[in-house]
Amino acid sequence: AAALQRLREVFDIEELPPDVLPRKKPPQYMVDLFNKVADANGITRAPGLLQGDVVRSFEDRVHVNHHHFYFDISAMEKDEQMLKAEFRVFKLKRTHRSRRSDVQHFCKVEVYELLESENKPQKKHLIASRLLSLYAEGWEVFNVTKTVSKWVGNRSSNHGFWITTTHVSSHGMEHDVVTFAKSQGALQESRNALLVLFTNSNKRRSHSFVPSATSNSAGMSRRARAATAAAARSPVTACHRRELYVDFHAIGWSGWIIYPSGYNAFYCRGSCIFPLGESLNATNHATVQSIVYTLKLSQDVSMPCCVPDELKSLNLLYFDDKENVVLKNYKDMVATRCGCR
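If you're wondering where the values come from, they're calculated on a predicted model, not measured in any experiment. (Residues numbered from 1 in each chain as written. Predicted model: local features only at pLDDT ≥ 70, side-chain atom pairs only at ≥ 80, totals over all residues. Heavy atoms only, no water.)

*Asks:* Can you walk me through the overall build of the protein chain in this structure?
*Replies:* Regarding its fold elements, the protein chain presents eight helices and 16 strands. The proportion of buried residues among the 341 residues of the protein chain is 43%. Partitioning the contacts of the protein chain with sequence separation of at least 6, the portion at a separation of at least 24 is 74%. (Helix = DSSP H or I, 4+ residues; strand = E, 2+ residues; numbered from the N terminus. Buried < 20%, exposed > 50% of the residue type's maximum accessible area, 1.4 Å probe, protein only. Contact = heavy atoms within 4.5 Å.)

*Asks:* Explain the side chain of S201 here, please?
*Replies:* Inspection of the secondary structure assignment puts S201 in the loop between β9 (194–200) and α5 (213–218). Setting aside anything within four residues of it in sequence, one finds S201 in contact with D53, V54, D79 and E80.

*Asks:* Looking at this model, I keep getting lost on the packing of aromatic side chains. Mind explaining?
*Replies:* For any pair of aromatic rings, geometry is given as the distance between the ring centres together with the angle between the planes. The tally for this structure, following the rule as stated, stands at 15 aromatic pairs. When the centroid spacing of 5.6 Å and the interplanar angle of 65 degrees are considered together, the rings of F69 and F87 count as edge-to-face. Of the two residues, F69 is situated in strand β2 (residues 68–69) and F87 in strand β3 (residues 81–91); the sequence distance between them amounts to 18 residues. Each member of the pair, F69 together with F87, is buried. When the centroid spacing of 5.3 Å and the interplanar angle of 40 degrees are considered together, the rings of W253 and W256 count as tilted. Since its relative accessible area comes to 3%, W253 is described here as buried. (Phe/Tyr/Trp six-rings, centres within 6.5 Å; stacked < 30°, edge-to-face > 60°.)

*Asks:* Looking at this model, I keep getting lost on the pattern of salt bridges. Mind explaining?
*Replies:* Opposite charge on two side chains lets them pair, provided their charged atoms get close. Within the structure shown, the criterion is met by 15 salt bridges. Among the salt bridges present, the one from D12 reaches K328, with a minimum N-O distance of 3.5 Å. Note that D12 is positioned in the loop between α1 (2–10) and α2 (28–37) and K328 in strand β16 (residues 325–340), a separation of 316 residues in sequence. For K108, the salt bridge goes to E110, with nearest N and O atoms at 3.4 Å. In the salt-bridge network here, residues are joined through shared partners; they are R56, E77 and E80. (Salt bridge = Lys/Arg side-chain N within 4 Å of Asp/Glu carboxyl O.)

*Asks:* Help me out: how do you make sense of the sheet that holds β9 in this one?
*Replies:* Strand pairs in the sheet, formed through backbone hydrogen bonds, run parallel or antiparallel to each other. If you trace the seven strands from one edge of the open sheet to the other, you get β6-β3-β9-β1-β16-β15-β12, paired in antiparallel fashion. Each edge of the open sheet is held by one strand with a lone partner, namely β6 (138–143) and β12 (257–259). Each strand of the sheet is rotated relative to its neighbour by a mean of 30 degrees, with strand direction disregarded. In the sheet, β12 pairs with strand β15 (residues 306–319) via two bridges, with the strands oriented antiparallel. Bridge pairing links Y259 to L317 in β15. Sheet strands in contact with α2 are β1 (54–59), β3, β9, β12, β15 and β16, and its direction is about 15 degrees off that of β16. (Pairing = 2+ DSSP bridges. Axes fitted to C-alpha atoms, helices over the stretch in contact; angles between N-to-C directions.)

*Asks:* Can you walk me through the pairing of β9 in this structure?
*Replies:* Look at any regular strand and the pattern is simple: side chains alternate between the two faces of the sheet. Of all seven residues in β9, six are buried; the element is thus mostly enclosed. Bridging between β1 and β9 involves six bridges; their strand directions are antiparallel. In the strand pairing of β9, S57 is matched with V196. As paired elements, β3 and β9 share seven bridges and run antiparallel to each other. Within β9, the residue paired with M82 across the bridge is T199.

Purely geometric stuff here, so don't read any function into it on its own.
This is the structure:
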């Protein structure tokens, strides 16, 4: 129990989310984003692909009113720094085509912040507007960073967004000429509106281990030193990387972690006895320490340690305890190279 609690701390999971897989499907946008920044094992493809280290997606909670879109962002943590917010809506194709030859094929879309409840849509503030084709369909993305930053600072000010569409022609003004997808059935669910927040967690989740010659050897018994020396004499135990697979199903986390199903963290094992070859990636300090140890110039000095000297970050796509989908980047989770230190 203590070990699993410690693992939850490493992954910054305060409350274990409920098992929602495979009942609930993640938004395709979040799956695509995961595949862009990580390989199938969750390992970061390249630095800088993600803005911040956390991406939170919130699905629209209003299923009746086609103008109103509301997102519960209470899962945001207090220390999180918001970098960018995107309001993503799927514009449906207009099926009815006018026979009039002079009809404009564009409509004006306006996105407002509701200043009071949805019962008073007249009290609103314009955030963005653009012209859209009447007959095309697809995702529209609006930058709503300033508005959502205000909501994060004052949760009670979040009344959601309101969208209007207007079509102007020589025959007059027409309202509600196009609609945006709402979650009503299997097809629409994949097109449900999203609020996506890119944030910095501002938490130091990296638990780096810096070996110290004095601390390692101070309590080292004669028997332990003898065992180390015996291991060092074996040619097959030179410092190297070995597999360490973390299986989320075995831990009991597969009901809420979407990707990956597990990952190879790797670990370092073996001796760092003199002479330290180039493949051991030894520092000058470790080389000197290994010489002093080999020549037995000091009884208190132990052999250098075989530790990870290059680490990569891991990306996790998962449902949080409120069933929002989160993409989170964890630094220093996978040992990609071992060395003597």
